[in-house]
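# Inside the fold
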Amino acid sequence: MLSFLHLESLDFKSILLFLVVFLVIADYFKTRKPPNYPPGPFALPFVGNMFSFDAKQPHIYLIKLAETYGDLFSVSLGREHAVVANGYKMVKEALVVQADVFVDRPFSPMSDRLYPHNAGLFMSSGPKWKRHRRFTMTTLRNFGLGKTLMENAICEEIRYLQEEMETQKGDPFNPKMLFNNAVSNIICQLAFSSRSDYSDDTFRNVLQKLNEALNVEGSVWGLLYEAFPGIMKHMPGPHNTIFSNYLDVADFIRKEVERHKEDFDPNNPRDYIDAYITEMQSGSSDTEDFTETNLVMNSLDLFLAGTETTSTTLLWSLVLLIKHPEVQKKVQSEIDAVIGQSRPPSMADKANMPYTEAVIHEIQRIGDIVPINVPRMAGRDTTLGGYFIPKGTSLWTNLSSVLFDKAEWETPDEFNPDHFLDSEGKFRRRDAFLPFSAGKRVCLGEQLARMELFLFFVGLLQKFSFSTEEGVELSLEGDMGATRTPLPFKVFAHTR
Ligand code: HEM
């Protein structure tokens, strides 16, 4: 009996050993890289570089790896294998010079669950993405992007925001939700002609759900889901809130679509949803993938991209101006000289406000809100930085390494608006200023974001001076979610 048990346990051990060896070999062959593939840190079987990866500061971790492996290297995280482009030259080579190669998004288990059937604008690929991107750009332009109508809507929102800030009566407050709500109202007006009061609890709840989902998405939980979807799908944990919260936000958008269908008038399209319904009903063969599901997912993408990014940048602007009161004063002097106190700002003022324009650019550079960009995929075999990149490879472009590239910026680690000023104090563009990325998938809302940033920023500083509580040193470290946001802080907004 004893020897039988011994034999059984030996068999079990051998089977286990055989299984492990078999799986390791299978993993080796599955993940074997072709000749002249970019080098990278040693990757363990199954988990790759998971244990050394810094999910809190992935951009810094990747910049450090570039010091060892060069501007193009490879990393693996579970099932995810990517090459990483670092520094302005390499990122430009990938996104601009090889714009036609790196257009699509790689497969992502999370996106596949959030956006089934290649839906939406952000994570879709191929002809469907192309048609929707073109349609969305044209529609946003038709409904006011770059027009006075849009400027007026933003200036009206600034008035509401100023009034709300005045109700704080000089007490310190956390500006996050307020900025979120104000900025979101702009994209909501373009997408579904609605604006919500800052006291609207239903809307605030939707914004909070969105915030929470985006935070978890960019955290280690999002990373684990992408790396081990088969296991994570069945595990309890914060990653599940990503999916439940997205469903709630999609529900909110779906209600808007229903509301639009009820009083839809083809002769009088009011916004993005109406324009999309018109396109759906046109019946042309070019619009066969214009479906209601896609309408909801596109609107959701506009809503989330149009809310989180710009409001996060405005939060960074407060952090940086509080840390640099001399810059705050200089911007206010320029506002006083060019606009004064009696009228709201307009986009025409921008040309006369080079210092303010330089400060906004420098805030975006240091704020670095999308540090490792949204991944792209090689659409065919190619050579990048002298290395072979097979079709289907994921490409991460480290935008942080561009915005802080030592070869491009005079004082990369310092907040220095002079980066964007020439010797005569005129605004100067910089090639390595890529917070909106570059190439064919460059941020779709760049023009809207630039307009919002200028008008909100000037509107706020025209009316208020900002400071924080005595003895508090605001941090530049940031919290890594889908965007890099400032750690929670409170401001005093003193009416000027
Ligand atoms: C400061 C503000 C913003 C920043 C820094 C920013 C940055 C970015 C970045 C880095 C990407 C990824 C580009 C790539 O894949 O290479 C992106 C994509 C996108 N952005 Fe923005 N964004 C901002 C504001 C906005 C706004 C206001 C909208 C609203 C219309 C918007 C809509 C989008 C959309 C729809 C995409 C996906 C484009 C595609 O995949 O074709 N963004 N943005």
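About the thresholds
- Residues numbered from 1 in each chain as written.
- Predicted model: local features only at pLDDT ≥ 70, side-chain atom pairs only at ≥ 80, totals over all residues.
- Heavy atoms only, no water.
- Helix = DSSP H or I, 4+ residues; strand = E, 2+ residues; numbered from the N terminus.
- Buried < 20%, exposed > 50% of the residue type's maximum accessible area, 1.4 Å probe, protein only.
- Contact = heavy atoms within 4.5 Å.
- Areas by Shrake-Rupley, 256 points an atom, 1.4 Å probe, with all protein chains shown as cover.
- Lys, Arg positive; Asp, Glu negative; His and termini not counted.
- Charge placed at Lys NZ, Arg CZ, Asp CG, Glu CD.
- Near = heavy atom within 4 Å.
- Polar contact = N/O pair within 3.5 Å; in protein donor to acceptor, adjacent residues only side chain to side chain.
- Nonpolar A, V, L, I, M, F, W, Y, C, P; charged D, E, K, R; others polar.
- Expected span 1.5 Å × (residues − 1).
- Donors = N, O, S within 2.8 Å, 3.2 Å for Na, K, Ca; no water.
- Axes fitted to C-alpha atoms, helices over the stretch in contact; angles between N-to-C directions.
- Parallel < 35°, antiparallel > 145°, perpendicular 65-115°, else oblique.
- 1 Å grid on protein atoms, 1.4 Å probe; cavity = no way out; pocket = protein on both sides within 12 Å on 5 of 7 lines; lining within 4 Å.
- Points joined across faces, edges and corners; volume = space filled by probe spheres on them.
- pLDDT = per-residue confidence, 0-100.
- Patch = residues over 30% accessible without salt bridge, like charges linked within 9 Å, V, L, I, M, F, W, Y side chains within 5 Å.
- Salt bridge = Lys/Arg side-chain N within 4 Å of Asp/Glu carboxyl O.
- Pairing = 2+ DSSP bridges.

### So, the overall build of the protein chain
- In terms of regular secondary structure, the protein chain is built from 17 helices and 10 strands.
- Each principal axis of the C-alpha distribution contributes one length, and for the protein chain these read about 95 × 55 × 50 Å.
- By the burial criterion, 52% of the 496 residues in the protein chain qualify as buried.
- For the protein chain, the proportion of contacts with a sequence separation of at least 24, taken over those separated by at least 6, is 75%.
- Surface exposure of the protein chain reaches about 22900 Å², of which carbon and sulfur atoms provide 56%.
- Across the protein chain, the mean location of the 51 positive side-chain charges is 4 Å away from that of the 64 negative side-chain charges.

### Points about the site of the ligand
- Taken together, 25 residues sit near the ligand, with Arg-105, Arg-133, Arg-376, Ser-437 and Cys-443 positioned nearest.
- In the environment of the ligand, an oxygen atom lies 2.9 Å from a nitrogen or oxygen atom belonging to the side chain of Trp-129.
- Residue assignment for the shell around the ligand shows that the elements contributing at least two residues are α5 (126-142) and α13 (292-323).
- A total of six residues in the shell around the ligand trace back to one element, the largest contributor, which is α13.
- Split into classes, the residues belonging to the shell around the ligand amount to 13 nonpolar, eight polar and four charged.

### As for helix α17 (residues 446-463)
- In this model, α17 (18 residues) spans 26 Å end to end at C-alpha, consistent with the 26 Å of a helix rising 1.5 Å per residue.
- When you tally the buried positions in α17, you get 14 out of 18 residues, the bulk of the element.

### So, the coordination of the iron atom of the ligand
- Exactly one protein atom donates to the iron atom of the ligand; that atom is Cys-443 (SG), 2.3 Å from the metal.
- Note on placement: Cys-443 falls in the loop between α16 (399-403) and α17.

### Section: unusual backbone geometry
- One non-glycine residue, Asn-36, lies in positive phi territory at about 60 degrees.
- Residue placement: Asn-36 occurs in the loop between α1 (2-31) and α2 (58-69).
- Even without a glycine there, the phi angle at Ser-437 is positive, about 70 degrees.
- Among the secondary structure elements, Ser-437 is positioned in the loop between α16 and α17.
- Residue classification places Ser-437 among the buried positions, given a relative accessible area of 9%.

### A short note on the packing of helix α8 (residues 201-217) against α13
- Running from amino to carboxyl end, α8 crosses α13 at an angle of 85 degrees, the nearest separation of the two axes being 11 Å. In this view, α8 runs roughly perpendicular relative to α13, as classed from their interaxial angle. Here α8 contributes Phe-203, Val-206, Leu-207, Leu-210, Asn-211 and Leu-214 to the contact with α13, which in turn contributes Phe-303, Leu-304, Thr-307 and Glu-308.
- Looking at the contact of α8 with α13 residue by residue, the class counts come to seven nonpolar, two polar and one charged.

### A look at the layout of surface pockets
- For the largest pocket, the calculated volume is near 920 Å³.
- Thr-31, Lys-33, Ser-76, Gly-78 and His-81 are, among the 41 residues lining the largest pocket, the residues nearest its centre.
- By residue number, the principal contributor to the lining of the largest pocket is α1, which donates seven residues.
- When the residues that make up the lining of the largest pocket are grouped by side-chain class, the tally is 24 nonpolar, 11 polar and six charged.
- Approximately 620 Å³ is the volume found for the second largest pocket.
- Listed by contribution, the elements that provide at least two residues to the lining of the second largest pocket are α2, α3 (87-97) and α16.
- If you tally residues by element for the lining of the second largest pocket, the top one is α2, at six residues.

### Thoughts on empty space enclosed by the protein
- For the structure shown, the criterion picks out three cavities of 30 Å³ or more.
- What the second largest cavity holds in volume is close to 60 Å³.
- Lining the second largest cavity are Lys-350, Glu-357, Ile-360, His-361, Gln-364, Arg-450, Leu-453 and Phe-454.
- At the level of elements, α15 (354-367) and α17 are the ones that each hand at least two residues to the lining of the second largest cavity.
- It is α15 that contributes the most residues to the lining of the second largest cavity, four residues altogether.
- When grouped by side-chain class, the residues that make up the lining of the second largest cavity number three nonpolar, two polar and three charged.

### Points about the environment of Ser-194
- With respect to the helices, strands and loops of the structure, Ser-194 is situated in the loop between α7 (176-192) and α8.
- We classify Ser-194 as buried; its relative accessible area is 16%.
- When the C-alpha atoms of Ser-194 and Asp-271 are compared, they prove to be 9.7 Å apart, with 77 residues separating the residues in sequence.
- Excluding its chain neighbours within four sequence positions, the residues that come into contact with Ser-194 are Asn-185, Cys-188, Gln-189, Glu-256 and Arg-259.

### A word on the confidence of the model for the protein chain
- For the protein chain, the average pLDDT comes to 93, and 97% of its residues sit at 70 or higher.
- Per-residue pLDDT stays below 50 along residues 1-5; that stretch engages in zero contacts with residues further than four places along the chain or on separate chains.

### A look at a nonpolar patch on the surface
- A contiguous nonpolar patch, built from Phe-12, Ile-15, Leu-16, Phe-18, Leu-19, Val-20, Phe-22, Leu-23, Val-24 and Phe-46 and spanning about 960 Å² of accessible area, is present on the exposed surface.
- Position of Phe-22 among the secondary structure elements: in helix α1.
- What makes Phe-22 partly exposed here is its relative accessible area of 47%.

### Quick notes on the sheet that holds strand β2 (residues 80-85)
- The four strands lie next to each other as β1-β2-β6-β3, forming an open sheet whose pairing is mixed. In this open sheet, the two strands that pair with only one neighbour each are β1 (72-77) and β3 (376-377).
- Looking at chain direction, β1 and β2 are connected through six bridges and run antiparallel. Bridged to Ser-74 within β2 is Val-83.

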